[in-house]
Amino acid sequence: MAEVRLRSIEKEFSGGVHAVKPCDLDINDGEFLVLVGPSGCGKSTLLRMIAGLEEPSGGTINIGSRDVTHVDPADRDIAMVFQNYALYPHKSAKENMAFALRLRKIPKAERERRIAETAKMLGIEELMNRKPGAMSGGQQQRVALGRAIVRDPACFLFDEPLSNLDAKMRNHTRSELRRLHKELQTTSVYVTHDQEEAMTLGDRVAVMKDGVMQQVGTPLQVYRAPANLFVAGFIGTPAMNLMPGEANNGRASLASGFQVSVPNSLSGPITVGVRPQHFRVATDNDQGAVELTARLVEPLGDLADVHLEAADGTTLLARLDAEWAPVEGKACSIVIDRDRHHCFDRAGQRVQ
Ligand code: ATP
């Protein structure tokens, strides 16, 4: 077990791509941290630097009390799980799991004990003599996980390990990873572009964009108080509605017709964010309702996603109680749930 500490770590590839700008990050002992961001944001490069597969252009990496910045990957006491499983095709599941232990000269009895225990934990005992070609994707990924677990490393590094699985298997393996982490409590860094995966798996999530760390926090912190417009738009499904407006004396008028309270410090152009779940159909007692036209209604069962159009042409998405959802083409009165809006200044930074 170990904490991972990154200080001013950065990577500039030859050719001038600054994939990771200087970044500080502490991953606590036993924590599951998810690095999340769109394709090309630098998350894999950051993970590969922790693994030792990519030489940083600057900064330091500590695992536990050791500075491993220039240590060989094999000597970092980490285990990596990739999306393409990377199992040896000619070895059985058991031989795949035993291989790294053999290299480390772990005695046979201890090897057998660890493999049997891990196979049981993962429910893959019956696969032990099968080769990867005779296993499904989900089974191969479990063997790949098993191979990482038997090594009992200080830290697990996962690079999009679920992205080759179908939706059902992905959900199943995701729950399993969560359960395994509770049991093993090994420090883990997990890369994904899928914000839902990040929110459900991470003790904390670190959101990246263009090589820059945008926000690090628990899933709820990042969801409830996104640090800037990028995080606001990236985290949460369906995505937050972002509406331009003008602030003055603690109030803002939005182009879509809504009026909201804002911090007194804000004036001039701002952006107000409202999650689709935080609109509702107005009742007679509501003040400040705005008439919007329902352009498309997508029933979800108890709820409905309603695409609305404001008089100025702004389009908004509201997730409404299906019972009250308007009919397509009709106008309806909508309010924002009290204080459930987010304010961003003209630079796109959150203002409380
Ligand atoms: P993805 O989810 O698509 O893998 P990512 O967020 O993991 O994306 P990285 O793979 O870390 O992103 O890449 C970050 C940036 O660095 C990209 O612009 C990429 O093109 C660039 N890059 C990655 N590897 C190299 C390399 N070996 N040489 C030059 N540029 C690279």
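Right above here is the structure, for reference.
Residues numbered from 1 in each chain as written. Predicted model: local features only at pLDDT ≥ 70, side-chain atom pairs only at ≥ 80, totals over all residues. Heavy atoms only, no water.

**Details of the layout of surface pockets**
Empty space within the largest pocket amounts to approximately 490 Å³. Forming the boundary of the largest pocket are 18 residues, of which I78, A79, M80, R104 and R151 lie nearest the centre. Counting only elements with at least two residues in the lining of the largest pocket, the list comes to β6 (78-82), α2 (93-103) and α4 (137-150). Per-element tally for the lining of the largest pocket: the top contributor is β6, with 4 residues. Split into classes, the residues belonging to the lining of the largest pocket amount to 15 nonpolar, no polar and 3 charged. Taken as a whole, the second largest pocket spans an internal volume of roughly 320 Å³. In terms of lining, the second largest pocket is formed by 16 residues, of which the most central are Q259, V260, Q287, I336 and R338. Of all the elements in the fold, those that place two or more residues in the lining of the second largest pocket are β13 (259-261) and β19 (331-336). (1 Å grid on protein atoms, 1.4 Å probe; cavity = no way out; pocket = protein on both sides within 12 Å on 5 of 7 lines; lining within 4 Å. Points joined across faces, edges and corners; volume = space filled by probe spheres on them. Helix = DSSP H or I, 4+ residues; strand = E, 2+ residues; numbered from the N terminus. Nonpolar A, V, L, I, M, F, W, Y, C, P; charged D, E, K, R; others polar.)

**Topic: α4**
The end-to-end C-alpha separation of α4 is 20 Å, in line with the 20 Å expected for 14 residues at 1.5 Å each. In terms of burial, α4 is a largely internal element, 12 of the 14 residues being buried. Taken together, the buried positions of α4 are G138, Q140, Q141, R142, V143, A144, L145, G146, R147, A148, I149 and V150. Here the buried face of α4 lies against β6, α2, α3 (108-122), β7 (155-159) and α5 (167-184). One or two positions beyond α4, positive phi appears at D152, with a value near 50 degrees. (Expected span 1.5 Å × (residues − 1). Buried < 20%, exposed > 50% of the residue type's maximum accessible area, 1.4 Å probe, protein only. Contact = heavy atoms within 4.5 Å.)

**Examining the pattern of salt bridges**
Taken as a whole, this structure holds 17 salt bridges when the rule is applied. E112 is the partner of K94 in a salt bridge, and the nearest nitrogen-oxygen pair spans 3.2 Å. Of this pair, K94 sits in helix α2 while E112 sits in helix α3; the two residues are 18 residues apart in sequence, bridging distant segments of the chain. On the basis of relative accessibility, which here comes to 29%, the residue K94 falls in the partly exposed class. Look at E112 and you get partly exposed, because its relative accessible area is 34%. Ionic contacts of the salt-bridge type, sharing partners, join the residues E110, R113, R114 and E117 into one network. (Salt bridge = Lys/Arg side-chain N within 4 Å of Asp/Glu carboxyl O.)

**Here's the deal with the side chain of T314**
Along the chain, T314 turns up in the loop between β17 (303-309) and β18 (315-321). In this structure, T314 is in contact with A255, S256, L308 and E309, ignoring residues within four places of it in sequence.

**Regarding the sheet that holds strand β16 (residues 290-299)**
Backbone-to-backbone hydrogen bonds pair the strands of a sheet. The strands run either parallel or antiparallel. Taken in spatial order, the 5 strands line up as β15-β19-β16-β17-β18 in an open sheet, and their pairing is antiparallel. Sheet topology places β15 (279-281) and β18 at the edges, where each strand pairs with a single neighbour. Strand-to-strand twist across the sheet, computed as the mean angle between neighbouring axes with direction ignored, equals 50 degrees. Here 7 bridges tie β17 to β18, and the two strands are oriented antiparallel to one another. Looking across to β18, one finds that L308 is bridged to L316. (Pairing = 2+ DSSP bridges. Axes fitted to C-alpha atoms, helices over the stretch in contact; angles between N-to-C directions.)

**Structural notes on the site of the ligand**
Around the ligand, the neighbouring residues are F13, V17, A19, P38, S39, G40, C41, G42, K43, S44, T45 and E160. Residue G40 places a main-chain N or O atom 2.7 Å away from an oxygen atom belonging to the ligand. K43 is positioned such that a nitrogen or oxygen atom in its side chain is 2.8 Å from an oxygen atom of the ligand. The fraction of the free accessible surface of the ligand (630 Å²) that becomes covered by protein chains is 58%. Examining the composition of the shell around the ligand, we find that 3 residues originate from one element, helix α1 (residues 43-51), more than from any other. Classifying every residue of the shell around the ligand by side-chain character gives 5 nonpolar, 5 polar and 2 charged. (Near = heavy atom within 4 Å. Polar contact = N/O pair within 3.5 Å; in protein donor to acceptor, adjacent residues only side chain to side chain. Areas by Shrake-Rupley, 256 points an atom, 1.4 Å probe, with all protein chains shown as cover.)

**A closer look at the packing of α4 against α5**
Between α4 and α5, the shortest axis-to-axis distance is 11 Å and the interhelical angle comes to 15 degrees. Considering the angle they form, α4 stands roughly parallel to α5. Our pair here, α4 against α5, has a crossing hand that is right-handed. Judged by residue contacts, G138, R142, L145 and I149 of α4 engage M169, H172, E176, L177, L180 and L184 from α5. Looking at side-chain class alone, the contact of α4 with α5 contains 6 nonpolar, 2 polar and 2 charged residues. (Parallel < 35°, antiparallel > 145°, perpendicular 65-115°, else oblique. Left-handed = near helix turned anticlockwise from the far one by under 90°.)

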